[in-house]
Amino acid sequence: MHRAWFVAAVTFVTILGAAAFRSLPGLLIDPLHQEFHWSRGTIGLAVSVNLALYGLTAPFAAALMDRFGIRRVVAVALLVIAIGSGATVWMTAAWQLMLCWGLLVGLGSGSMALAFAATVTNRWFTERRGLVTGILTAASASGQLIFLPLLSWIISEHDWRPAAVTVALAALAVVPFVWLLLRDHPADVGLKPYGSPEFVEKPPPVPGAARRTVNVLFSAARTGPFWLLAGTFAICGASTNGLIQTHFVPAAHDHGMPITAAASLLAVIGIFDVVGTIASGWFTDRFEPRRLLAVYYALRGVSLLFLPMLLAPSVQLPMVFFIVFYGLDWVATVPPTLALCREQYGDDSAIVFGWVLASHQVGAALVAFLGGFARDTFGSYDVVWYASGALCAVAALMALVIRRRPGTKVALA
């Protein structure tokens with residue numbers, strides 16, 4: 001077996017753990033509201049800072065990996081997460097939540113976002129990139145969701161502070177794992193990238209990471225496909241991380257469902273997300289990515305319109321169907337979006353995808369805040385579900401009008 005698959009496995013585990021560190025904020029809304037009497041909008045604002053920085057850090061992290069190497073950047077990011085999460089146990093004011101969980105954990109987790117997966121995929125693979133992207137994307141989403149039952153149990157049995165300490169210790173535990181097993185480039189071990197007919201020399205470190213990141217943004221921003229990709233991915237973030245991940249548990253609790261039961265439903269989303277995202281990567285290697293995106297967004301929008309009718313004190317069969325369906329579609333959008341970035345922007349695609357991911361998290365941040373504000377204002381989340389469903393319909397139309405770059409191979413569909 002080619003060494004690239006072992007590197008992908010290490011990256012998968014690392015992203016899984018890193019993403020798990022971001023699964024806690026949605027569970028903290030009610031406990032922090034009860035203990036400190038902060039409004040849900042205030043707590044949602046801290047979550048928004050976390051989500052926005054998670055995205056805005058990604059393109060700079062991709063450039064820093066080109067400059068200093070993957071291992072160094074990821075190891076430092078894990079240490080920042082541990083500090084931010086551990087320090088929350090001493091907070092007494094809302095600004096401290098925004099500093100620790102918003103700023104520090106947002107910066108750390110953003111350095112191990114999907115731009116990290118794009119960097120590993122671009123360096124180690126020339127074939128099966130869609131499949132590998134799907135696998136690593138599944139790790140990103142599933143890590144946030146699979147750990148929810150454990151963290152919700154810790155909160156319900158032992159308060160929220162032990163859960164924050166658990167996240168900090170988990171981040172520290174991953175550091176030696178990354179440092180010993182992860183490798184920056186196939187040339188480091190004398191191998192060709194998987195599927196490459198010839199050996200590829202390791203490129204020299206690229207100085208001026210921040211300048212290069214900004215220059216790539218300015219160059220991509222002059223093209224229409226960039227804004228369409230950024231717009232569709234912003235809606236993707238709004239309807240997943242910002243909406244379901246942040247507000248599903250408190251919304252279900254509003255209808256009488258226990259927090260542990262609601263968190264378990266999110267975990268089921270994480271399980272089926274693995275299947276859906278890997279399948280999406282397989283489809284992306286074979287079918288037109290624009291059409292795949294249109295189908296994914298359209299189906300997601302329809303499902304959100306039905307969600308307000310499914311929330312109840314207990315878990316009914318229609319809710320299970322929604323959870324399974326939403327899990328299959330959760331981040332199935334990532335492989336075709338990354339494929340379109342490669343098609344349009346070539347060697348700069350990892351950094352461009354980092355900026356597209358930034359739009360994803362900005363969309364998530366806006367809905368994380370507006371969802372809490374809507375709950376405080378209207379007394380329910382219904383308006384948020386309906387508005388997000390309508391946005392997904394807009395995203396489906398946007399995906400269909402992305403122009404194909406001249407000379408690219410047309411996938412069969």
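Residues numbered from 1 in each chain as written. Predicted model: local features only at pLDDT ≥ 70, side-chain atom pairs only at ≥ 80, totals over all residues. Heavy atoms only, no water.

Assigned secondary structure in the protein chain consists of 18 helices and 0 strands. By sequence separation, contacts in the protein chain at least 24 residues apart represent 84% of the contacts at least 6 residues apart. Approximately 16,000 Å² of the protein chain is accessible, and the part contributed by carbon and sulfur atoms is 70%. Placing the 26 positive and 20 negative side-chain charges of the protein chain at their respective mean positions leaves the two points 9 Å apart. (Helix = DSSP H or I, 4+ residues; strand = E, 2+ residues; numbered from the N terminus. Contact = heavy atoms within 4.5 Å. Areas by Shrake-Rupley, 256 points an atom, 1.4 Å probe, with all protein chains shown as cover. Lys, Arg positive; Asp, Glu negative; His and termini not counted. Charge placed at Lys NZ, Arg CZ, Asp CG, Glu CD.)

Let us now look at the packing of helix 13 (residues 259-284) against helix 16 (residues 334-345). Between two packed helices, both the angle of their axes relative to each other and the distance between the axes serve to describe the pair. Across the interface, helix 13 lies against helix 16 with an axial gap of 8 Å and an inter-helix angle of 35°. Of the residues in helix 16, those in contact with Thr277, Ser280, Gly281 and Thr284 of helix 13 are Pro335, Pro336 and Ala339. Residue classes in the contact of helix 13 with helix 16 are distributed as 3 nonpolar, 4 polar and no charged. (Axes fitted to C-alpha atoms, helices over the stretch in contact; angles between N-to-C directions. Nonpolar A, V, L, I, M, F, W, Y, C, P; charged D, E, K, R; others polar.)

With that out of the way, let us pick up the pattern of salt bridges. All chains considered together, the criterion is met by 7 salt bridges. The shortest N-O distance in the salt bridge between Asp329 and Arg300 comes to 3.1 Å. Here the residue Asp329 occupies a position in helix 15 (residues 317-329), and Arg300 occupies one in helix 14 (residues 289-306), the gap between them amounting to 29 residues. As far as burial versus exposure is concerned, Asp329 and Arg300 are alike and both buried. (Salt bridge = Lys/Arg side-chain N within 4 Å of Asp/Glu carboxyl O. Buried < 20%, exposed > 50% of the residue type's maximum accessible area, 1.4 Å probe, protein only.)

The final tally for this structure, using the stated rule, is 0 disulfides. In this model Cys236 remains outside any disulfide bridge; the closest cysteine sulfur is found in Cys392, 8.1 Å from its own. Its sulfur unpaired, Cys341 is 13 Å from the next cysteine sulfur, which belongs to Cys236. (Disulfide = S-S within 2.5 Å.)

What follows deals with the nonpolar core. Ranked by internal contacts, the top residues of the largest apolar core, which has 83 residues, are Leu24, Leu32, Ile244 and Phe248. For this core, the element with the most residues is helix 17 (residues 349-378), which contributes 10 residues. Residues in contact with Ile244, not counting those within four places in the same chain, are Ser239, Leu266, Ile269, Leu304, Leu307, Tyr326, Trp330 and Trp385. Ile15, Ile70, Leu78 and Ile81 belong to the second-largest nonpolar core, a separate cluster that totals 29 residues. (Core = buried A, V, L, I, M, F, W, Y, C linked by side-chain atoms within 4.5 Å.)

This part covers the packing of aromatic side chains. All told, the structure shown has 13 aromatic pairs when counted by the stated rule. Ring centres of Tyr381 and Trp385 lie 6.1 Å apart, and the angle between their planes is 40°; this geometry places the pair in the tilted category. Residue Tyr381 shares its accessibility class with Trp385, and that shared class is buried. In this arrangement the basic side chain of Arg67 is found over the ring face of Phe68, its NZ or CZ atom lying 4.9 Å from the centre. Over the ring of Trp179 we find Arg71; its NZ or CZ atom is 4.8 Å from the centre of that ring. (Phe/Tyr/Trp six-rings, centres within 6.5 Å; stacked < 30°, edge-to-face > 60°. Lys NZ or Arg CZ within 6 Å of the ring centre and 35° of its normal.)

Take unusual backbone geometry next. Its identity as a non-glycine residue notwithstanding, His37 has a phi of 60°, on the positive side. By the secondary structure assignment, His37 is in the loop between helix 2 (25-36) and helix 3 (40-68). A positive phi angle, close to 85°, is found at Asp159, a residue other than glycine. Tracing the backbone through its elements, the reader meets Asp159 in the loop between helix 8 (148-158) and helix 9 (160-181). Looking at Asp159, the relative accessible area reads 32%, which means it is partly exposed.

To continue, consider the confidence of the model for the protein chain. Summing up the model confidence of the protein chain, the mean pLDDT is 83 and the portion of residues at 70 or higher is 93%. Scored below 50 in pLDDT, residues 407-413 shows 12 contacts in the model against residues more than four places distant or in partner chains. (pLDDT = per-residue confidence, 0-100.)

Along its 13 residues, helix 15 runs 19 Å from first to last C-alpha, staying within 8% of the 18 Å computed at 1.5 Å per residue. Among the residues of helix 15, those classed as buried are Met319, Phe322, Ile323, Tyr326, Gly327 and Asp329. Buried residues along helix 15 cover an arc of 165° about the axis, so they all sit on one side. Exposed and facing more than 90 degrees away from the buried side of helix 15 are Leu317 and Phe321. In this fold, the buried residues of helix 15 make contact with helix 11 (224-239), helix 12 (241-254), helix 13 and helix 14. (Expected span 1.5 Å × (residues − 1). Arc of directions from axis to C-beta.)

The next thing to look at is helix 11. Look at helix 11: 23 Å from first C-alpha to last across 16 residues, which is about the 22 Å you get at 1.5 Å a residue. For helix 11, every residue scored as buried is listed here: Pro225, Phe226, Leu229, Ala230, Thr232, Phe233, Ile235, Cys236, Gly237, Ala238 and Ser239.

Here we come to the packing of helix 12 against helix 13. It is at 8 Å that the axes of helix 12 and helix 13 come closest, and there the two elements cross at 145°. At the point where helix 12 passes helix 13, the crossing takes the right-handed sense. Taking contact as the criterion, the partners of Ile244, Gln245, Phe248, Val249, Ala252 and His253 in helix 12 are, on helix 13, Ile259, Ala262, Ala263, Leu265, Leu266 and Ile269. Considering only residue class, the contact of helix 12 with helix 13 consists of 10 nonpolar, 2 polar and no charged. (Left-handed = near helix turned anticlockwise from the far one by under 90°.)

On the surface, Leu45, Leu56, Val362, Leu366, Phe369, Leu370 and Phe373 cluster together into a nonpolar patch covering about 590 Å² of accessible area. When contributions to the nonpolar patch are tallied by element, the ones reaching two or more residues are helix 3 and helix 17. Sorting elements by how many residues they give to the nonpolar patch places helix 17 first, with 5 residues. Position of Leu45 among the secondary structure elements: in helix 3. You can call Leu45 partly exposed: its relative accessible area is 36%. (Patch = residues over 30% accessible without salt bridge, like charges linked within 9 Å, V, L, I, M, F, W, Y side chains within 5 Å.)

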